[in-house]
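# Chain and residue survey
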Amino acid sequence: MSISVLVGSQWGDEGKGKIVDILSSRFDIVARYQGGANAGHTIQIDDKQYILHLIPSGILREDVECIIGNGVVIDPKALLDEIFFLKQKGIETSGRLFISQNAHLIMPYHKLLDSIHENSEQKIGTTGRGIGPCYIDKYARKGIRIIDLLNKHELEKKIRMNIEEKNNLLRKLYNHEELDVDQIINEYLEFDEAIDPYVKDIPSYLNTAIGNGKKILMEGAQGALLDVDHGTYPFVTSSNPVAGGACVGMGLSPTKITSVIGIVKAYTTRVGYGPFPTELTDETGEALRQIGAEYGATTGRPRRCGWFDAFLVNYSRMINGIERAAITKLDVLSSFENIKVCVGYEYQGKKLKTFPTADFILNNVQPVYEVLPGWKADISHITSYDDLPLETKDYLSFISIACGFEISIISVGPKRNQTIEL
Ligand code: GDP
Ligand code: IMO
Ligand code: MG
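Not measured: the values here are computed from a predicted model.

So, how was this worked out
Residues numbered from 1 in each chain as written. Chains lettered and ligands numbered in written order. Predicted model: local features only at pLDDT ≥ 70, side-chain atom pairs only at ≥ 80, totals over all residues. Heavy atoms only, no water. Domains from an automatic or database assignment. Contact = heavy atoms within 4.5 Å. Buried area = accessible area lost by both parts, 1.4 Å probe. Salt bridge = Lys/Arg side-chain N within 4 Å of Asp/Glu carboxyl O. Polar contact = N/O pair within 3.5 Å; in protein donor to acceptor, adjacent residues only side chain to side chain. Helix = DSSP H or I, 4+ residues; strand = E, 2+ residues; numbered from the N terminus. Buried < 20%, exposed > 50% of the residue type's maximum accessible area, 1.4 Å probe, protein only. Near = heavy atom within 4 Å. Areas by Shrake-Rupley, 256 points an atom, 1.4 Å probe, with all protein chains shown as cover. Nonpolar A, V, L, I, M, F, W, Y, C, P; charged D, E, K, R; others polar.

Another point: the domain arrangement of the protein chain. Along its sequence, the protein chain is organised into domain 1 (3-100 + 199-261), domain 2 (104-194) and domain 3 (265-421). Counting residues at the interface gives 41 residues for domain 1 and 40 residues for domain 3. Roughly 3200 Å² of surface becomes buried between domain 1 and domain 3 when both sides are summed, with 55% attributable to carbon and sulfur atoms. For the domain 1 face of the interface with domain 3, the top three residues by lost area are Gln10, Trp11 and Lys18, together amounting to 21%. Here domain 1 and domain 3 share four salt bridges between them. Arg303 serves as the salt-bridge partner of Asp13, at 3.0 Å between the closest nitrogen and oxygen. At the junction of domain 1 with domain 3, the criterion picks out 22 residue pairs in polar contact (both at pLDDT 80 or more). In terms of residue count, the dominant contributor to the side of domain 1 that touches domain 3 is helix 1 (residues 16-23) (five residues).

Okay, structure coming up:
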């Protein structure tokens, strides 16, 4: 049995899309379990670049089936646009993409409220895709689900009820103009026909597939430090990217999961606000951004960059149960004379024993660094571990020991062939 969960180990954008694409040739099904179109997973095949937001990154392998689980929040327009985008590139989704009937729908008022919240006192720096407000409605038990699209009467009733409440809020609290309920109902009624063929009872489908010996790869979006429970709250997303989220977001027993693979960027990035102890706001940070092309795949925003934080990734290893890791973007470090790795934090003069997730602590810690020699050589063409410079191998062993996992994949460029497997 092979049921693996692939998780981002930092603050997202670790290169999950590339690694899912590489690994998916060995799996029958690739399944997304949380998040929504806030994700931007990039896959580069030869000169073609694909950025996927909702559809699992396994879709580019034609014999792989893809699933969007109940834990994902789906913007139907974003989904249909993505299906259309793939079709134009010659990739067929019908018959191989299945969507959980229990997944919640992102509604226009979720996106509007996301932008209104971002203009208030507490700024998170969200992607503006309506993610937080949609999960709020889900947990308030007011949400509208994919299955509701299949029942016109129920759909209309639920949209009317929700919009009445949201219009009240918009008018009274935010002094904002009201939403046109009929227009939204008509728009969502149209999604029904387009989405109907993809809808499935995913827990039954997935567990039957597992019973038949199918191999499944669960694709996490975002990263562990953006997890609403285990991340740097409140500067997080509103779902559970951690490996445990795969069970809830898919209808799968924890006993079925056979391995957890962590995707680990060779340095650190984050988009949006929130603490970032190893952030570099100087020319070294700018160099990482330029060399690593660190601009958001969803919003185009410049990503904040900093040195590798082994203290943080070790915490991520613990909460996810990462046994094996893929180290990505190692080529980006090739021009540096020395490379720093954070091995711990000092807070109020004392070394912390465990990773703090409270922002008022994280904002005031001093990272403790080890300095490693750089390799100052282009490694982006190397396909065998043995051919890597000694300093690169030392950097990798340092990370492996400091974080407590084995490294099984090394990525030295965005393309499929720029990958070293151990
Ligand atoms: P994801 O959200 O985790 O899938 O990551 P993103 O797609 O948002 O960001 C990763 C970016 O780095 C994309 O532009 C990838 O094409 C690129 N990338 C992935 N792996 C490597 C690598 O090993 N080296 C370099 N230079 N770029 C990479
Ligand atoms: P992938 O899957 C990086 C960040 C946003 C913001 C916070 C909350 O490509 O790694 P949200 O829109 O989710 O309410 O925003 O989370 N964020 C990401 N950062 N990669 C992502 O996805 C992200 N998805 C959300 O920038 O700080
Ligand atoms: Mg991304």
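Following the structure, the description resumes.
Moving on, we come to the pattern of salt bridges. Scanning all chains against the criterion turns up 25 salt bridges. Between Glu279 and Arg304 there is a salt bridge; the shortest N-O distance is 2.9 Å. Taken together, the residues span a long stretch of sequence, with Glu279 in the loop between strand 12 (268-270) and helix 9 (283-291) and Arg304 in strand 13 (residues 304-306) at a distance of 25 residues. Given a relative accessible area of 27%, Glu279 falls into the partly exposed group.

Next up on the list: the site of ligand 2. Around ligand 2, the surrounding shell holds 20 residues, and the nearest of these are Lys16, His41, Thr127, Gln222 and Thr237. Measuring from an oxygen atom of ligand 2, one finds a backbone N or O atom of Gln222 at 2.8 Å. About the coverage of ligand 2: the protein hides 98% of its 550 Å² of free accessible area. Across the shell around ligand 2, the residue classes break down as seven nonpolar, ten polar and three charged.

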